[in-house]
Amino acid sequence: MSSIIQLLPDHVANQIAAGEVVQRPASVVKELLENAIDAKATDIKLIVKDAGKTLIQVIDNGLGMSVTDARLCFERHATSKIRNAEDLFDLHTKGFRGEALASIAAIAHVELKTKQDQEELGHHIIIEGSKFVSQEVAVLPKGTSFLVKNLFFNIPARRNFLKSETVEMKHIVDEFQRVALAHPSIYFTLIHNGSENFNLPSSNYRQRIVNMLGGKTNEKLVPVSEDTEIVTISGFIGKPEYAKKSRSEQFFFVNDRFIKSGYLHHAIMSAYDGLLREGNQPSYFLYLKVPPHTIDINIHPTKTEIKFDDEQALYAILRSSVKHSLGQFNVAPILDFERDPNLDTPYEYKNKGTDAPLIQVDANFNPFADEKAIKSSSNSYASSGNYTKKDTSNSWESLYVDLRQDTREVESISFESEEVTGSFFESKETEITPSRTYQIHKKYIVSSIKSGMLVVDQNKAHQRILYEQYLTNITVKKASSQQLLFPLELHFSIEEMSFIKELLPSLENTGFIFDGMHKDGIHITGIPVSIQESEVSILLEELINGLQNDIPESTFSLNDGIAKTMAKSLAVKTGTYLTELEQENLVNGLFACKDPNVSPFNKPTFITISVEDLDKKFAL
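Just so you know, these numbers come straight off a predicted model, no measurement behind them. (Residues numbered from 1 in each chain as written. Predicted model: local features only at pLDDT ≥ 70, side-chain atom pairs only at ≥ 80, totals over all residues. Heavy atoms only, no water.)

Asker: Can you help me understand the sheet that holds strand β20 (residues 513-518) in this one?
Answerer: The strands that make up a sheet are held in pairs by hydrogen bonds between backbone atoms, and each pair lies either parallel or antiparallel. Ordered in space as β19-β21-β20, the 3 strands form an open sheet in which the pairing is antiparallel. The open sheet has two edge strands with one neighbour each: β19 (481-491) and β20. Geometrically, the sheet is characterised by an average inter-axis angle of 15 degrees between neighbouring strands, direction not taken into account. Of the pairings in the sheet, the one linking β20 to strand β21 (residues 521-528) comprises 5 bridges and is antiparallel in character. Of the residues in β21, the one forming a bridge with Phe514 is Ile524. Most of the contacts of helix α12 (residues 494-510) go to β20, to which it runs at about 170 degrees, and overall it touches β20 and β21. (Pairing = 2+ DSSP bridges. Helix = DSSP H or I, 4+ residues; strand = E, 2+ residues; numbered from the N terminus. Axes fitted to C-alpha atoms, helices over the stretch in contact; angles between N-to-C directions. Contact = heavy atoms within 4.5 Å.)

Rendered as structure tokens:
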């Protein structure tokens, strides 16, 4: 029997490896930004076109590469970060696997321009699908420029599975934020389709967070600081009243590397226990410093998962430090019943000096002076015109002198009778009809029909009614609005504001009226009739979170997603009491829909139980 096992060609092996390292354009952004940081760059510029599908370029002013390194960096398992296996447990760089550039070069057109500071000329290399096309000397500035074009050009199946431009750009911004927040001393710039999305100058951690997420973020932050032998914790957490439904503002950094850890996230949530509404998530930007030999990063190619030597101790320290900050800054309540909050010193006065109080003394005052002198001084004071004696000769009884005395009796005054003796309409006996609907457990509406019984889920039924209503408003006719007496001002992050700008036409068709938009907020002067003012911020937040992750490319599908999200957010909730009239209107409105059988999310809205089914139950 002939042998069937054979070695794969290098370009096929590289494409297989690329499937692990490069999953979407954001993966390329992450790898190139981390390489720029490892090259000790102080200014990094990220240029993206069509959410990375057409172009991704990272320009830095780092150390640059020699001609040998420029060729060798595209080989698999070629790296400058480690030398032996022991170095894996003493890492001080972002990358170490030596797979990223080889994987990127296998599935894209890559141009590398690099020059070292001591060299007069740099090197320009072009690679297409792991094949070297050209290499030549060029006049270049110090640093490195990686240009990646036509990603997945030779893997059309992977390219077809990419999401819409908005979704892919969101993932790129997420990776950009994770790197930029970990290194505030580096100047970062992000340009998408010719417009500058982020311009982040070198700053401290707090200023970098504010520049990234908007100016209103500053008032939400509470500092955290803890120094132990196991870990050093610094950073900021968000106040409970600013908690959101999403986890978009939750960042863990271990040795300046972004990680994901459900275990550490649970420690934060336990520190906020009792301070958050159900379903809300706190914001946190926490930087952990641990000895490199106590962690293992080499678990997954994305390097976002880390194993710690002593996770339990880390959990306890993190939880107590967050809880301490919440209590220290009067964010969390304390059980000290004898404490007077008026005696607390505000934190802004902590380092201020004290000023001596001004004391005014009457030098002429003598408590041992005789009575005559005191009287004479008081008389002279009165004669000077500064003191007038109060006239108390008239008593309060003088107010009631010369009042008119009426002698008419109250009984003689006639008043209009409250009893109505006439009617404009003929009196008829009103026909009392028995109620045809009943509410069970504030969740289901039961109604009788000819064949048996109808059971309606009030939440899913209302979702269907609102969904068709909003979809009609968006696509066919513009909905009516209610004007607000005072404009509503809402604040969002820079990323969320770019998202709202794309949704602006559809939101205006549903009844929203926007008076103005700025970098990190919007002014609303009108809202849809069916929405209360207190629900607007919650609705927009859920709308952004629901549509950020999966927005189809067609406009109709976008409108469909907006209608679904609004219907889900504003539908009557389970546990809400409905009057008989509201129940009947809900049932009638459901069966007036085009598709009353299912909710917008393909869940059944009602079931029917026939009389035969009930007879079978009692026949057992």
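That was the structure; now back to the text.
Asker: Teacher, can you tell me more about the sheet that holds strand β11 (residues 250-254) here?
Answerer: The mixed open sheet is built from 5 strands, whose spatial order is β9-β10-β13-β11-β12. Single-partner strands in this sheet number two, and they are β9 (221-227) and β12 (257-259). Strand-to-strand twist in this sheet, taken as the mean axis angle between neighbours without regard to direction, amounts to 20 degrees. With 6 bridges connecting them, strand β10 (residues 232-238) and strand β13 (residues 284-289) associate as antiparallel partners. Bridge pairing in β13 places Thr232 opposite Lys289.

Asker: Mind showing me how you'd approach α12 here?
Answerer: Because the α-helix completes a turn every 3.6 residues, residues three or four places apart line up on one side. The end-to-end C-alpha distance of α12, which contains 17 residues, comes to 24 Å, matching closely the 24 Å that a straight helix rising 1.5 Å per residue would cover. Of all the bends in α12, the greatest reaches close to 55 degrees and is centred on Leu504; the proline Pro505 follows between one and four positions later. Residues Ile494, Glu495, Glu496, Met497, Phe499, Ile500, Leu503, Leu504, Ser506, Leu507 and Thr510 constitute the buried set of α12. Positive backbone phi, approximately 125 degrees, marks Gly511, located one or two places after α12. (Expected span 1.5 Å × (residues − 1). Bend = angle between axes of the 7 residues up to and from the residue. Buried < 20%, exposed > 50% of the residue type's maximum accessible area, 1.4 Å probe, protein only.)

Asker: Please explain the packing of helix α8 (residues 262-271) against helix α9 (residues 311-328) as it appears in this structure.
Answerer: With their axes 8 Å apart at the nearest point, α8 and α9 run at an angle of 35 degrees to one another. Relative to α9, the crossing made by α8 is right-handed. Judged by residue contacts, Tyr263, Leu264, His266, Ala267, Ile268, Ser270 and Ala271 of α8 engage Glu311, Gln312, Leu314, Tyr315, Leu318, Arg319, Val322, Lys323 and Leu326 from α9. Considered class by class, the residues forming the contact of α8 with α9 number 10 nonpolar, 3 polar and 3 charged. (Left-handed = near helix turned anticlockwise from the far one by under 90°. Nonpolar A, V, L, I, M, F, W, Y, C, P; charged D, E, K, R; others polar.)

Asker: When you look at a nonpolar patch on the surface in this model, what are you seeing that I'm missing?
Answerer: The grouping of Leu121, Val137 and Val139 at the surface amounts to a nonpolar patch, some 300 Å² of accessible area in total. Looking at where Val137 falls in the secondary structure, it is placed in strand β5 (residues 131-138). (Patch = residues over 30% accessible without salt bridge, like charges linked within 9 Å, V, L, I, M, F, W, Y side chains within 5 Å. Areas by Shrake-Rupley, 256 points an atom, 1.4 Å probe, with all protein chains shown as cover. Salt bridge = Lys/Arg side-chain N within 4 Å of Asp/Glu carboxyl O.)

Asker: In this structure, what is going on with the packing of aromatic side chains? I would like to understand it.
Answerer: The relative placement of two aromatic rings is captured by the distance of their centres and the angle of their planes. Summed over the entire model, instances satisfying the criterion amount to 14 aromatic pairs. With centroids separated by 6.2 Å and ring planes inclined at 65 degrees, the aromatic side chains of Phe74 and Phe146 adopt a geometry described as edge-to-face. Residue Phe74 is located in the loop between α3 (67-72) and α4 (100-106), and its partner Phe146 is located in strand β6 (residues 143-149); the two are separated by 72 residues in the primary sequence. The residues Phe74 and Phe146 share a single accessibility class, namely buried. With centroids separated by 4.8 Å and ring planes inclined at 45 degrees, the aromatic side chains of Phe252 and Tyr284 adopt a geometry described as tilted. Residue Phe252 is located in strand β11, and its partner Tyr284 is located in strand β13; the two are separated by 32 residues in the primary sequence. On the basis of relative accessible area, Phe252 is assigned to the buried category, the value being 3%. Judged by its relative accessible area of 3%, Tyr284 is buried. Taken together through their ring pairs, the aromatic side chains of Tyr205, Phe251, Phe253, Phe258, Phe285 and Tyr287 make up a single cluster. (Phe/Tyr/Trp six-rings, centres within 6.5 Å; stacked < 30°, edge-to-face > 60°.)

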